[in-house]
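# Inside the fold
Take a look at the letters that make up each chain.
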Amino acid sequence: MDETTRMLQKYNKPVLLALRKMPTTTVPLWLMRQAGRHLPEYRKIRSSTNNFLDFCYNPELASEVTLQPVTRYGVDAAILFSDILVIPHALGQDVSFVSGKGPILKPITNIIDVKKLNIKHIDTKLKNIYKTVSTVKQAIDDKFKTTTLIGFAGSPWTVATYIVEGGSSKDYMGVKSWCYSSPKEFSVLIDILIEATVEYLIQQINHGVEVIQLFDSWAGILSEDQFTKWVIKPTKTIVDKIKKRCPNIPIIGFPRAAGVLYKNFVVETGVDCISIDQSVPIEWAATHLQSECTVQGNLDNLSLLIGSKTTDNEVLKILNGLSKGPFIFNLGHGILPNTPIENVNRLVKLVKGFKIEKKSNYTI
Ligand code: 1CP
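Just so it is clear, the model here is predicted, and its values are computed rather than measured. (Residues numbered from 1 in each chain as written. Predicted model: local features only at pLDDT ≥ 70, side-chain atom pairs only at ≥ 80, totals over all residues. Heavy atoms only, no water.)

## Here we look at helix α10 (residues 156–165)
- For α10, a buried count of 9 out of 10 residues is recorded, marking the element as mostly surrounded by other parts of the structure.
- All of the buried residues in α10 are P156, W157, T158, V159, A160, T161, Y162, I163 and V164.
- Immediately beyond the C-terminal end of α10, within one or two residues, lies G166, with a positive phi of roughly 80 degrees. (Buried < 20%, exposed > 50% of the residue type's maximum accessible area, 1.4 Å probe, protein only. Helix = DSSP H or I, 4+ residues; strand = E, 2+ residues; numbered from the N terminus.)

Listed below in structure tokens is the structure:
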């Protein structure tokens, strides 16, 4: 047993153990977007600041909301409270969040504007986020010893959709037209995002995050070839660069709605864990994905919002199908703002109370 394994077992952090394909006593659990509007304690603190980015850049408030779901539910991981759009903001793009409308960016649609993005000052602009990481890590070391701290960034493709479309989009007409018609130009934007994302994640790691998740929320809108170009390749570059500098930090990939392309993504990028959405059949995930890496997922966020007997059955189906191998329970996409607290409590109880059968497909 090496030193890292001994440390992991001593501190018994279930999420880290699962990411290293090691057995756990209970199924590790956290929920995407667990810190946010479904929590009354979040809404209370959030109402103190008008501007959402100011809120993300306030280490005291951001570290407090990062820990709220850990304190309330006892989930096994805290995910840094920030947003994927701090990267375009740090690169110099105008970004704001309008209540009821979501993010609004000044769209960048040509190579001249792409070349105005400036990577030089990102660490200065993001320094308060690094301070949030250090503050949360200290609190975890002091008080929540079994909790894993997850850092994150948006993947280049998904961040590019916001940069080009100027916000959320229904059809992604602008960004898809660009990558089909001028792939060389578009790759200049993707390369800037790769470089900024690697720097941002390395700094998060230096300040205390123990795991990285890459959110590619809009990966599922691309054809196979475009998926390979704009999702798999940039992710592989990011994974390679981070592994070179921080070989012990596990990386979770989340190319949402990728269907059968999840398999290509896992094999080609070298991620340690794949986060899957609810459209992936459990048995297929166990056979084709869990044989390669740890799997995370995949309860429908809407099922959790409803919280009926059907939800319990779906949870049990996921647990029965995936808990024999390296697995982290999560949702298929972020928790919805109207999700009742009691539904989350019930889910946590069900997952934590689940008896794991004798393992067959662990590495040790
Ligand atoms: O006023 C508010 O409270 C704003 C709501 C909100 C919150 C709570 C936004 C605006 N971002 C966040 C935090 C956030 N965003 C986190 C940390 C909280 C946690 O996970 O516990 C994370 C990981 C994100 C990531 C994020 N932001 C993604 C990827 C994950 C996903 O859900 O797909 C995306 C696409 C965004 C963009 C974004 N940020 C906020 C909004 C409304 C949107 C647009 C979403 C869309 O286009 O549908």
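## Section: the packing of α10 against helix α11 (residues 173–181)
- Interhelical geometry of α10 versus α11 gives an angle of 110 degrees and a closest axis separation of 8 Å. In terms of axis orientation, α10 runs roughly perpendicular to α11. Seen from above, α10 lies across α11 with right-handed handedness. Mapping the contact onto sequence places W157, A160, T161, V164 and E165 in α10 and M173, G174, V175, K176, W178 and C179 in α11.
- Of the residues that constitute the contact of α10 with α11, the class distribution is 7 nonpolar, 2 polar and 2 charged. (Axes fitted to C-alpha atoms, helices over the stretch in contact; angles between N-to-C directions. Parallel < 35°, antiparallel > 145°, perpendicular 65-115°, else oblique. Left-handed = near helix turned anticlockwise from the far one by under 90°. Contact = heavy atoms within 4.5 Å. Nonpolar A, V, L, I, M, F, W, Y, C, P; charged D, E, K, R; others polar.)

## Focus on the pattern of salt bridges
- The final tally for this structure, using the stated rule, is 10 salt bridges.
- Note that K137 and D141 form a salt bridge whose closest N and O atoms lie 3.3 Å from each other. One end of the pair is K137 and the other is D141, both in helix α9 (residues 127–143) and 4 residues apart, which spans about a single turn.
- What makes D141 partly exposed here is its relative accessible area of 35%.
- The salt bridge involving R346 is made with D312; its shortest N-O contact spans 2.4 Å. Taken together, the residues span a long stretch of sequence, with R346 in helix α18 (residues 341–353) and D312 in helix α17 (residues 309–322) at a distance of 34 residues. (Salt bridge = Lys/Arg side-chain N within 4 Å of Asp/Glu carboxyl O.)

## Some thoughts on the site of the ligand
- If you check the shell around the ligand, you find 22 residues, and the closest are Y42, Y162, S168, S217 and H333.
- The side chain of S168 places a nitrogen or oxygen atom 2.6 Å from an oxygen atom of the ligand.
- Side-chain polar atom of S217 to an oxygen atom of the ligand: 2.6 Å apart, as the coordinates give it.
- For the ligand, whose unbound accessible area comes to 880 Å², protein coverage reaches 87%. (Near = heavy atom within 4 Å. Polar contact = N/O pair within 3.5 Å; in protein donor to acceptor, adjacent residues only side chain to side chain. Areas by Shrake-Rupley, 256 points an atom, 1.4 Å probe, with all protein chains shown as cover.)

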